[in-house]
Amino acid sequence: MSRLYGDPIEVWATSEGEPARFVWRDRLHVVRQMLEHWVVAREWWKTSDTDPGERRFWRIEAVAGGQVGVYELRYDTSSQAWLLLRAWD
Amino acid sequence: MAPFPHLHVASAYSLRYGTAFPAALVGRAAARGADILALTDRDGLYGAIKHVQACYRAAVDPVVGADLALAETGHAGPGAAPGAGAGAVLGAGARVTVLARGDGWGRLCRLVTAAHHHGSRGEPRVTRELAAEHADGLIVLLGPGSDVGRAVAQRRDGLARDLLEAWRSAVGDALVVEVTDHYGHRDAIIATRMLALADSARVPAVLTNAVRFLDPADHQVGHVLDASRDLAPLHAGHLGRAPSHAYLKDDDEMARVARRVCGADPERVARLLATTREVARACVLDPLQILALEGGPARLHLPEIGRDPVPLLRHRCEDGLRDRGLERSSAARARLAEELAIVERKRLSGYFIAVAGVTDMIRAMGVRCAIRGSAAGSLIPYLLRIGEVNPLDHGLLMERFLSEGRIGLPDIDIDVESARRLDCYRAIRDMYGAERVACVSMMETYRARSAIRDVGAALGLPPHEIDVIAKAFPHIRARQIRAALTDLPELRGSGLNDRLLETTFRLAEKLDGLPRHIALHPCGVLIGNAGLRDRTPVERSLLGFPMSQFDKDDVEEAGLLKLDVLGVRMQSALAYAVGEIARVDGEQIDLDDPASVPRDDDATYDMIRTGRTLGCFQIESPGQRELVAKLEPRTIHDLIVDISLFRPGPVNSDMVTPYLEARHGWRSARYPHPELREVLRETHGVVVFHEQVLRVIDVMTGCGLSEAEKIRRSLGDPDRREQVRAWFLANARETFDRATREEVWRVLDAFGAFGFCKAHAAAFALPTYQSAWLKRHHPAAFLAGVLTHEPGMYPPRVILDEARHCGVEVLPLDVNHSGATWLVERTGDGGYGLRVPFSAVKGVSEAEVERMVAGRPYHSMADFWERARPSRPVAERIAEVGGFDALHRLRVGAPRWRPGELTRRDLIAQVGALERASATGVRAGAGKTATPHGATGVPGGPGDLDGADAVQLSMGFTEWRTPGELPEMSEAEAVEAELEILGMDVSRHVLGFHGELLDAIGVTRSKDLLRCRNGAEVLVAGVKVATQTPAVRSGQRVIFATLDDSTGPIDLTFFESVQGRCAATVFGSWLLVAKGVIRRTGPRAVSLRAVDCWDLGELDQVLRQGGTAALRERMAGTTSERDDRGVGGRRLKYGNGYLLSPYSDIGPAPGVTAPPGRFWHASGGSSGETVRTRA
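Values in this document were obtained by computation on a predicted structure and should not be read as measured data.

## Quick notes on unusual backbone geometry
Residues and elements named next belong to chain B.
- Look at the link from Arg 856 to Pro 857: it is a cis peptide, with omega at -5°.
- Residue placement: Pro 857 occurs in the loop between helix H41 (846–854) and helix H42 (861–868).
- Of note in the backbone geometry, Asp 43 takes a positive phi value of approximately 70° without being a glycine.
- Within the element layout of this structure, Asp 43 appears in the loop between strand S1 (36–42) and helix H2 (48–58).

## Brief notes about the environment of B:Ile1001
Residue and element names in this part refer to chain B.
- By the element assignment, Ile 1001 lies in helix H47 (residues 995–1001).
- Along the backbone, Ile 1001 and Glu 682 are 319 residues apart, and their C-alpha atoms lie at a distance of 49 Å.
- Among residues more than four places away in sequence, those in contact with Ile 1001 are Leu 1019, Val 1073, Leu 1111 and Met 1115.

## Some points on the nonpolar core
- By size, the foremost hydrophobic cluster in this structure holds 182 residues, and its most contacted members are B:Phe352, B:Ile412 and B:Ile878.
- Formed by 72 residues, the second largest nonpolar core is a distinct cluster that contains B:Ala151, B:Tyr183, B:Ala191 and B:Leu560.

## Describing the confidence of the model for chain B
Residues and elements named next belong to chain B.
- Mean pLDDT over chain B: 87, with 90% of residues reaching 70 or higher.
- Considering only residues more than four positions removed or in separate chains, one finds that residues 74–84, a stretch of pLDDT under 50, has 15 contacts.
- Between residues 922–957, whose pLDDT stays under 50, and residues either more than four places distant or in other chains, the model counts 67 contacts.
- Scoring the predicted complex yields pTM 0.86 and, for the interface, ipTM 0.89.

## Quick word on the sheet that holds strand S5 (residues 67–76) of chain A
All names here are of chain A.
- Spatial strand order, S1-S2-S3-S4-S5-S6: 6 strands in a closed barrel with antiparallel pairing. For this sheet the average axis-to-axis angle between neighbouring strands, irrespective of direction, equals 40°.
- Sheet topology places S5 next to strand S6 (residues 81–88); 7 bridges connect them, and they run antiparallel. Its bridge partner lying in S6, Leu 73 is registered against Leu 84.

## Some thoughts on the sheet that holds strand S15 (residues 823–826) of chain B
Residues and elements named next belong to chain B.
- Here 3 strands make up an open sheet; going across it, the order is S14-S16-S15 and the pairing mixed. The sheet terminates laterally at strand S14 (809–811) and S15, the two strands that pair on one side only. For this sheet, the mean inter-axis angle between neighbouring strands, taken without regard to orientation, is 35°.
- Two strands pair when backbone bridges link them, and S14 and strand S16 (residues 832–835) are joined in this way by 3 bridges, in the parallel orientation.

Basis of the calculations
Residues numbered from 1 in each chain as written. Chains lettered and ligands numbered in written order. Predicted model: local features only at pLDDT ≥ 70, side-chain atom pairs only at ≥ 80, totals over all residues. Heavy atoms only, no water. Helix = DSSP H or I, 4+ residues; strand = E, 2+ residues; numbered from the N terminus. Contact = heavy atoms within 4.5 Å. Core = buried A, V, L, I, M, F, W, Y, C linked by side-chain atoms within 4.5 Å. Buried < 20%, exposed > 50% of the residue type's maximum accessible area, 1.4 Å probe, protein only. pLDDT = per-residue confidence, 0-100. Pairing = 2+ DSSP bridges. Axes fitted to C-alpha atoms, helices over the stretch in contact; angles between N-to-C directions.

Pasting the structure below:
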């Protein structure tokens, strides 16, 4: 069962922009495996910005203190902010 | 690692889908070191030639394919193919990509043609069976968008396998699975599954990026294009269809995609990339097989003649010499020998034979046919009777048309009657066979107005607003939109510079130049041999003609023979006039026979000299009327010079003044060097023609005319100008000193790029003279032709006015005399009249016109209603403009109330009664027309000539109307109706209703302008009949407007200094009052430099509400509030100092060209305001 969170998190990404480690609820999570990655564009015609950017999603397997869980992270290219959207743990 | 070959790439030639041009894609790929690049446009090979060309130049190996939609249900028999009905399950719009193998270009062309034939027009569909038929030269890629891909996406694994097997059994080893990942939500998973399916079925798999864009940022444009294709505003669903990852990724990025797809299995990644390269290698085409003009002598694909064309052409030319009476002319023989030598060296004999065959056939059909363009400079077309211009008479050169140095096919252009153009196409098709003939296409590209329309619709703006916004712009490029908003005074004040529209305009600019739809080229016809369909894909055009997917440049590159058969309205008008003369006067005229129409008729030239040339070919525009009045042509040669001078080049390098001064003897002709006298004598020392440029270069350097033609072509290229200059200065013979060389170079440089080909002008001068001759000697028939075929720039009401000035009466619509087109009638006093035709009535259909003409004569309106069976609105309109006046003896005007007498309004009301009567059951059957019924609807009306008061309609039910129950229309109302319904004022000039205002401000009439002194300031008024913004010497955008005030045309020039206050009014009004300064332009011609202008309707309003005092105040104007910034925009500057406004030489905004609904105050009574009173 997954739970929805939507918490802002801090992420260390690889040079290719993929998440490697992140801190959520004061625990360090280390990414073990990337399961899925996709990109969603924004409805730019509804904003006044010329480039509202896109949202990048990762579904990853990560370890925190020996516990393995699956998480869904989202990166917004215009605000440059990361969110933890869901967790299966 | 070997470079990644992109095998699935859409360019801008994927209409309303791709955003990058082939050259840009190839350029990007080449810069990255790619050795192979494919182009697989959607639905056709529209960009294929350009792609192969770009690849050839960039040393990239080209692959060509097409991305085609699958027919929704295969054509397989019952149970034959698994999943044949799966289309419905998998959703519509599945597509496959087909690549030509190395030797499969012809097969690909034929498959694309077959797909277009299979689908409905513009919606090609391919089936497995079609692909199977052509599979020997193809590779079929099944990607995520294919039926197999969709089954995989829906996890219908069994169906996917069955479909894949069905494809395999259809196309065999042509089958390849294509995996793609655009980083969409499930893209990678689907790709992985497809890869697994391919592996298990042992079908090779390749990786592509299904490219749509050059750069990721272009995906917004992709969304707009998708929305415009869907005819729906943008919504979230569009996001996934044009993902930002669908761009031309580099090798690293593609390797990353491969790793995603293969689940990071390095061996599988390597295999996927290797297979992709293998397939790409197998599909590389030899560019020289497709490009006929590159690499060595041109390889042309001419029609089969059946015998050796060389001796055939020689014989035909020999016969031609005899026919044309040139047998004994040694000049003609020498010229012919020279021309034949070049033609035979270039192996073009068959080309001339083929063209002559076409023109012979067109003439045999009784269609007027004239040669145009540089081909008139060659003697061979004259001898073969392709054209009627003898190049020796005018000193025309063949080298301008065909020279040693020129690569490719020469163009022979033929003008035929516009109304018969399609007949000519059909005849050509029948003559050569449908397999060998196709029309040339052209891409309509996005310009400002179309871009605003499509973006506006995508963003969900209301349609009427989009319309208003789009129409506010002149015919500029889309990328100029925002610049135009600040540059042009008429847009500055329009309120369009709004922030809300910013997004619309920003996106519209991005569509600039993208192909929007394909259309039939107005004149190009391909005539090929049996292999034509292996060289060009062909689709159906709107008119049903087979149409090549290549444009005129592409077909030339492909080595196909193109003949330009242009429909020219003036040729139709001439033919019509000749027909009317024969019908009305029984006189047979052969315009091309100098015995019938002498080429030196003084009366004709006298008319031209006075600028009375409205309606004539080439010389009717305000500028040309001014020029002919100054130039005073007396021979056909003068007309050739006149036509050549009226071009941006001569106008801008100021050739006109020195020529005119020398011509009229105000100064003596000046020659840069005595040796050039011979060449320049015909134009008094001024270089006017391309031919003279060639001769000057030849005389001074001795390089030969072919070489000189090459030099002339380089003059137009700013990059090569310096080079040519150095060559010229160094190679001139010693006889010419340095100063002469420099002087001549300056002339050539200023002129070379813009001059006019004399052969072209000579070809034009003939119809110009013919039209003028007809206008002078048969004005009624000529103007009937002009009104019927509308060859010129003026609206019909101007031509009607011109007819009146020529003493021709304009006869109103009359159901018993009007025809389908404008007919000439003899009038009682021995003169001629022009009868308004049925086709002029707004909303009338062709079938109705046919019935109306066939049913004549009618003896009442009811009779007309029953036998001509018009729609109700059309019948009402005919009554409204007086079509029954003669029949029922009506007369508009006072008194309005005429008890007992029938009025037009009574008739209009009666139409309603007739319709209701017909609707209640008994429709007068077609079989009853033999016993026409009386005018039951108007008992006692004077039109009831049967005498019977009421011969009842067969249904035995009629509403009764008392004649005179409704008031008669006033004259003003009648003219208003004419403008509304016929688009022209037939009975009176509209200006006649503003007499009070015109008297109050004191306007000068057109006919009195000649008597005004130069520099006088006058007020004029009239209907705006034309606005133009041609290129002029100063680089300004100058607006030329022509008003018509019933006594003749008034030509006004608005310079940029006054446009701030005038531009919006000029473009936005129909009736204008203008203040201008008289400028005498010739002994019998004047034009006005405008200083201010007003909307006449507005002034009339002011006069009525505030009296003359208010009017004076309004016209004095508060100029301080007005915009005096003029026109902005950076002028384009040419090397020779010639400036061009970015807004000149384009179609201006349509503005107001038609009268508004009600524009003056109906004089007379207060009742009966509504014209369309319904019974």
